[in-house]
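Structure at a glance
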Amino acid sequence: MIRTAPPQELLEIAIDVARDAAATAHRMRAEGVSVAATKSTATDVVTAADRAVERQVLDALRRVRPEDAVLGEEYGAGETGPAAGGVRWIIDPIDGTVNYLYGLPYCAVSLAAEVDGRVVAGVVRNVATGEEWTATAGGGAWRDGERLGCSTETDLGQALVATGFGYDPRRRAHQARVVAELIPHVRDIRRMGAAALDLCLAAEGRVDAYYEKGLAAWDLAAGGLVATEAGLRVTGLDGRPAGPDLVIAAPPALFEPLHTRLAALDASGGP
Ligand code: IPD
């Protein structure tokens, strides 16, 4: 049976589930953490917590909305795909897994609800600090009760730009060349290690803009909505939707100059 729901209702479910999930991740970190497996490369790690947290999220969603589809970083698409008009939940149990492994306080549970391919609700909760960002489509972006607006910076040369690197060494080499050519033209670069949180920081102007090639749907879904609802333009190159080829999240005044630079540097190219 297909049962959709208003974005606010989906957000309330997402918040409850993400808070419990973040509590589990926090507890498991305190108990000690180690690598359970590697994925795409030897540095792309999975901890027992990534799996346990995603399992907990799946179980919690199944209890309240058993008919919905899911897409998760660790367990994939589950048994069902998204039905027309139905809800699909997109889960990153721990975004910033390497930070989590090293005890760096920049990792998050990210949970979004999508209806007909459009993200309508999302929450990102920092596992270490408890900071929580939320958004619904058309309902604004919020952190801890405060409505968010992005940076008003208009000069790319004054912009603090966050980015990230994939796990494939050849991709990283290309990404490093892009950064090397970009950094003389911006205030500075930040590589903090969790894409969902980077997007949330951009949503409140704690960085001015963000870009990255290679994001998966679970890295982008909730944070992308938070950034969009805070006024950033979130797209790929040449008007394409944001996705694995490239995500650019920039305030309107910075978007064109950043886009032009990234296009010239072939930021969506390489392996
Ligand atoms: C990674 C982080 C990182 C980004 C990578 C992502 P994970 O997600 O978001 O900041 O640069 O592209 O894969 O592996 O920690 O969930």
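Procedures and definitions
- Residues numbered from 1 in each chain as written.
- Predicted model: local features only at pLDDT ≥ 70, side-chain atom pairs only at ≥ 80, totals over all residues.
- Heavy atoms only, no water.
- pLDDT = per-residue confidence, 0-100.
- Helix = DSSP H or I, 4+ residues; strand = E, 2+ residues; numbered from the N terminus.
- Core = buried A, V, L, I, M, F, W, Y, C linked by side-chain atoms within 4.5 Å.
- Buried < 20%, exposed > 50% of the residue type's maximum accessible area, 1.4 Å probe, protein only.
- Domains from an automatic or database assignment.
- Contact = heavy atoms within 4.5 Å.
- Pairing = 2+ DSSP bridges.
- Axes fitted to C-alpha atoms, helices over the stretch in contact; angles between N-to-C directions.
- Buried area = accessible area lost by both parts, 1.4 Å probe.
- Salt bridge = Lys/Arg side-chain N within 4 Å of Asp/Glu carboxyl O.
- Polar contact = N/O pair within 3.5 Å; in protein donor to acceptor, adjacent residues only side chain to side chain.
- Near = heavy atom within 4 Å.
- 1 Å grid on protein atoms, 1.4 Å probe; cavity = no way out; pocket = protein on both sides within 12 Å on 5 of 7 lines; lining within 4 Å.
- Sits in = over half its atoms within 2 Å of the grid points.
- Nonpolar A, V, L, I, M, F, W, Y, C, P; charged D, E, K, R; others polar.
- Lys, Arg positive; Asp, Glu negative; His and termini not counted.
- Expected span 1.5 Å × (residues − 1).
- Phe/Tyr/Trp six-rings, centres within 6.5 Å; stacked < 30°, edge-to-face > 60°.
- Lys NZ or Arg CZ within 6 Å of the ring centre and 35° of its normal.

1. Notes on the confidence of the model for the chain
Across the chain, the average pLDDT comes to 94, with 97% of residues at or above 70. Looking across the chain, the model is least confident in strand β2 (residues 45-47), with a mean pLDDT of 79, and most confident in strand β10 (residues 160-163), with 99.

2. Things to note about the nonpolar core
Core analysis: the biggest nonpolar cluster contains 38 residues, and Val124, Trp133, Leu197, Tyr210, Val226 and Leu232 have the highest contact counts within it. Sorting the residues of this core by element identifies β5 (108-115), β6 (118-126), β7 (132-136), β10, α5 (195-203), α6 (217-229) and β14 (247-250) as the ones contributing at least two each. It is α5 that contributes the most residues to this core, 8 residues altogether. Viewed by domain, this core spans two of them, domain 1 (7-147) and domain 2 (156-264), each represented by three or more residues. When residues no more than four places from it in sequence are discounted, the contact partners of Tyr210 are Ala162, Thr163, Ala195, Asp198, Leu199, Leu215, Val247, Ile248 and Ala249.

3. Section: unusual backbone geometry
Of note in this structure, Asp116 is not a glycine but carries a positive phi near 50°. The phi angle at Asp144 is positive, at roughly 45°, despite the residue not being glycine.

4. With respect to the sheet that holds β6
In a beta sheet, neighbouring strands pair by backbone hydrogen bonds and run either parallel or antiparallel. Judged by pairing direction, the sheet is mixed, and its 7 strands sit side by side in the order β3-β4-β5-β6-β7-β8-β9 without closing on themselves. With one partner strand each, in any of the chains shown, β3 (69-72) and β9 (146-147) form the two edges of the open sheet. Summarising the sheet, strand β8 (residues 140-143) and β9 pair through 2 bridges and their orientation is antiparallel. Looking at β9, one finds that Arg143 is bridged to Glu146. Contacting β3, β4 (87-95), β5, β6, β7 and β8, α6 crosses the sheet at an angle of about 100° to β6.

5. Some points on the domain arrangement of the chain
Interface size, as often reported, equals the accessible area lost upon joining of the parts. According to the domain assignment, the chain contains domain 1 (7-147) and domain 2 (156-264). With 38 residues of domain 1 in contact, the opposing surface of domain 2 contributes 25 residues. When the two sides are added together, the surface that domain 1 and domain 2 hide from each other amounts to roughly 2,300 Å², 66% of it contributed by carbon and sulfur. Looking only at domain 1, the three residues that lose the most surface to domain 2 are Asp95, Tyr106 and Trp133, adding up to 29% of its buried area. Run the count over domain 1 and domain 2 and you get 2 salt bridges. Note that Arg206 and Glu131 form a salt bridge whose closest N and O atoms lie 3.2 Å from each other. In this structure, the connection of domain 1 to domain 2 is made through 11 residue pairs in polar contact (both at pLDDT 80 or more). Of all elements in the fold, only β3, β4, α3 (97-102), β5, β6, β7 and β8 reach the threshold of two or more residues within the side of domain 1 that touches domain 2.

6. A word on the site of the ligand
By nearness alone, 16 residues border the ligand, and Asp95, Gly96, Thr97, Tyr167 and Glu212 come closest of all. Tyr167 is positioned with one of its side-chain polar atoms (N or O) 2.7 Å from an oxygen atom of the ligand. When each cavity is represented as a set of grid points, the ligand is found to reside in the largest pocket. In terms of residue count, the dominant contributor to the shell around the ligand is β4 (3 residues). Its residues assigned to classes, the shell around the ligand shows 6 nonpolar, 4 polar and 6 charged. Both domains that furnish three or more residues to the shell around the ligand are identified here as domain 1 (7-147) and domain 2 (156-264).

7. A short note on the side chain of Glu212
As for its placement among the helices and strands, Glu212 is situated in strand β12 (residues 209-212). Buried charge Glu212 goes without a salt bridge, the closest partner of opposite sign being Arg191 at 5.3 Å. For Glu212, the side chain forms a polar contact with the main-chain nitrogen of Gly164, separated by 3.4 Å.

8. A word on the environment of Ala176
Following the sequence through the fold, Ala176 ends up in helix α4 (residues 169-182). Residue class for Ala176 comes out partly exposed when judged on its relative accessible area of 38%. It is 10.0 Å that separates the C-alpha atoms of Ala176 and Ala267, two residues lying 91 residues apart in sequence.

9. Concerning helix α1 (residues 7-31)
Relative to the 36 Å expected for 25 residues at 1.5 Å per residue, α1 spans 36 Å between its end C-alpha atoms, a close match to the ideal helical length. Of all the positions in α1, only Leu10, Leu11, Ile13, Ala14, Ile15, Val17, Ala18, Ala21, Ala22, Thr24, Ala25 and Met28 are classed as buried. Of the surrounding elements, those touching the buried residues of α1 are α2 (48-64), β4, α3, β5, β6 and β7. Following α1 by one or two positions, Gly32 has its phi on the positive side, about 110°.

10. Considering the packing of aromatic side chains
Taken as a whole, this structure holds 0 aromatic pairs when the rule is applied. The side chain of Arg233 reaches across the aromatic face of Phe255, ending 4.0 Å from its centre.

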